[in-house]
Amino acid sequence: MGGPAGRQRYGEARRLVRIAILIGPKSAGSNMRAIAEAFPPGSPDAEVVRVVAPSAAAPGLDVARRLQLPVAVADPSSAGYAETLLRMARDDRWDLVCLAGFLRLLPPEVLEAFPRRVLNIHPALLPRYGGRGMYGRHVHEAVLAAGERESGVSVHFVDREYDEGEVLHQLRCPVLPDDTPETLASRIRPLEHQAYVESIRKLLADPRG
Ligand code: GRF
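Just so we're clear, the structure is a prediction, and the values are computed from it rather than from any experiment. (Residues numbered from 1 in each chain as written. Predicted model: local features only at pLDDT ≥ 70, side-chain atom pairs only at ≥ 80, totals over all residues. Heavy atoms only, no water.)

**Some points on the sheet that holds strand E3 (residues 71-73)**
- Across the sheet, seven strands lie side by side as E3-E2-E1-E4-E5-E6-E7; this open sheet has mixed pairing. Of all the strands in the sheet, the pair left with one neighbour each is E3 and strand E7 (167-174). Direction aside, the axes of adjacent strands within the sheet are offset by 20° on average.
- Pairing of strand E2 (residues 46-53) with E3, which is carried by three bridges, proceeds in the parallel orientation. Bridged to Ala53 within E3 is Val73.
- Running over the sheet, helix H1 (residues 30-38) touches strand E1 (17-23), E2, strand E4 (96-100) and strand E5 (118-122) and is turned about 170° from E1. (Pairing = 2+ DSSP bridges. Helix = DSSP H or I, 4+ residues; strand = E, 2+ residues; numbered from the N terminus. Axes fitted to C-alpha atoms, helices over the stretch in contact; angles between N-to-C directions. Contact = heavy atoms within 4.5 Å.)

**A closer look at the site of the ligand**
- In the region of the ligand, the neighbouring residues are Ser27, Ala28, Gly29, Ser30, Asn31, Gly101, Ile121, Pro123, Arg189 and Glu192.
- Ala28 places a polar main-chain atom, nitrogen or oxygen, 2.9 Å from an oxygen atom of the ligand.
- Counting residues per element, the ones that place at least two in the shell around the ligand are H1 and helix H6 (181-205). (Near = heavy atom within 4 Å. Polar contact = N/O pair within 3.5 Å; in protein donor to acceptor, adjacent residues only side chain to side chain.)

**Structural notes on the confidence of the model for the chain**
- Confidence along the chain averages 92 in pLDDT terms, with 92% of residues attaining 70 or more.
- Residue range residues 1-8 is modelled with pLDDT below 50. Its contacts to residues more than four positions away, or to other chains, number 26 contacts. (pLDDT = per-residue confidence, 0-100.)

**Remarks on the packing of aromatic side chains**
- Under the counting rule described, the total for this entry stands at one aromatic pair.
- On the basis of an interplanar angle of 35° and a centroid distance of 6.4 Å, the ring pair of Trp94 and Phe114 is categorised as tilted. With Trp94 in the loop between helix H3 (81-92) and E4 and Phe114 in the loop between helix H4 (108-113) and E5, this residue pair connects regions lying 20 residues apart in the sequence. The same class applies to Trp94 and to Phe114, which are both buried.
- Residue placement shows Arg116 over the ring face of Phe157; its charged tip is 4.3 Å from the ring centre. (Phe/Tyr/Trp six-rings, centres within 6.5 Å; stacked < 30°, edge-to-face > 60°. Buried < 20%, exposed > 50% of the residue type's maximum accessible area, 1.4 Å probe, protein only. Lys NZ or Arg CZ within 6 Å of the ring centre and 35° of its normal.)

Structure follows, in structure tokens:
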């Protein structure tokens, strides 16, 4: 395992992979829920051990609490954010970090502590329609404005740039002639949940992961 907590790799000896989910200030928490429901407490291969929100007002925190997930608040713009995350990672023994609606770059120290162990979900087919400012409705508006016939979701490893890390998994769907950003988003949303869970399973199954 690549995190600071362990040395084993995914897939070895059916070790439980401990997942942390970092949500954003406006996250509805739907990807978090999908991951938590796919790997509930007592599941043999993975479980969610922490949800970290950027503020106590993040709506996703309520979703996490209802799911009985351990929560924490850490402000990404505060001094000491990296140390706070790394301390949590040590205390909770994180193996894998999943970003779900987290709109910032992660501090380099955190990325270095989790090589190929930080994932993000993006609601379009990267490498197109990603990058700074490309989130939520903006992504779907850009896809529609370009006249694309197809969109989808991408799960990728996170690096020091927005949406540029290696793509691990993609799912595709059509863009229909009368689509609006909202109808496209609602077609894509369930694919996000499916793709995120499939990506985690892919990592769990791949001993070189
Ligand atoms: C999703 O659209 C995801 O693709 C993007 O942020 C949104 C988070 O939604 N990165 P939710 O909070 O998981 O419902």
